[in-house]
Each structure stands twice: as structure tokens, then as C-alpha cells.
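Residues per chain are reported as follows:
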Amino acid sequence: VQLQASGGGLVQAGDSLRLSCLASGLTFSAYTLAWFRQAPGKERQFVAAVRRNGGYTYYADSVKGRFTVSRDNAKNTVYLQMNSLEPDDTAVYYCAADRNEILSTIRSSSTYDYWGQGTQVTVSS
């Protein structure tokens, strides 16, 4: 199984970015997909998740209304559209996949079976 995240970069506050995560080696439509992020010196933090059929999404309070998670099961890809970026959004962003879809722990990093390598997002003020 491989999850390949891309789309990070250096932007200014208020700008937008779209992250992508291409999955291979798994039945993509059978997995819950999520994005986490980790800033230097901080723990990995839940950002957003989308359930198998894409019909339900979950967000951290800090990104609600600014970020949108979506998936394209035909392309084995999950996206994170990030708008109105803030300096506090600076982190390495990771995509993750969970085959069990346990809703009570969907925000917990320990729930996820597979992880991508991360893509750096830096937001300057």
C-alpha cells in the first residue's frame, strides 16, 4: 500500500492550496480517508476525514469553514482544499487510510492503518 501526498508549498496568509493524495495497493473505496498535520514540536493533529462513499465529512474546529475534504474513488485520490490559510496552518500534512471506518475514533491517528509521506505547507504572514 502506498499513499502519495502532494500539493504543498509556500504561500502567504489568505491564499489557497489544494493537497492531493494518490493511493495504490488497496481497495480505495473501502477505506475512510483523512488528513492530519504536524507542526514542529507539536503532536500530530487531526484535520479532516471523509467516509467511504464521500457522503460524510469531519473537520477539526480550527479548519471548519476554510478547508474541504473530498475524494474521487475513480481516481483513488483524496483532496484537501485549503482556503484562507493562516500562519498557524503551517505544518507537514499527512494523508491516512482506515479500513474499518470506526466513527467514534475517526479523529484519532491510531485508528489509521496506512500513512503517506507528508507534504510541507508553509504559510507566511
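Here the structure is shown first, and the text comes after it.
Treat the numbers as computed from the prediction; the structure is a model and nothing was measured.

(A) Just the side chain of R71, in detail. As for its placement among the helices and strands, R71 is situated in strand β7 (residues 67-72). Despite being buried, R71 has no salt bridge partner; E101 is the closest side chain of opposite charge, sitting 6.1 Å away. Here Y31 takes part through its backbone oxygen, which lies 2.7 Å from a polar atom of the side chain of R71. Setting aside its immediate chain neighbours within four residues, R71 contacts F28, S29, Y31, T32, L33, V50, R51, R52, G54, T77 and V78.

(B) Focus on the sheet that holds strand β8 (residues 77-82). If you trace the four strands from one edge of the open sheet to the other, you get β1-β3-β8-β7, paired in antiparallel fashion. Among the strands making up the open sheet, the edge pair consists of β1 (2-6) and β7. Across this sheet, the average inter-strand angle for adjacent strands is 15°, counted without regard to direction. Taken together, the five bridges between β1 and strand β3 (residues 17-24) define a ladder with antiparallel strand orientation. When the bridges of β3 are listed, L3 appears paired with A23.

Definitions and limits used
Residues numbered from 1 in each chain as written. Predicted model: local features only at pLDDT ≥ 70, side-chain atom pairs only at ≥ 80, totals over all residues. Heavy atoms only, no water. Helix = DSSP H or I, 4+ residues; strand = E, 2+ residues; numbered from the N terminus. Buried < 20%, exposed > 50% of the residue type's maximum accessible area, 1.4 Å probe, protein only. Lys, Arg positive; Asp, Glu negative; His and termini not counted. Salt bridge = Lys/Arg side-chain N within 4 Å of Asp/Glu carboxyl O. Polar contact = N/O pair within 3.5 Å; in protein donor to acceptor, adjacent residues only side chain to side chain. Contact = heavy atoms within 4.5 Å. Pairing = 2+ DSSP bridges. Axes fitted to C-alpha atoms, helices over the stretch in contact; angles between N-to-C directions.

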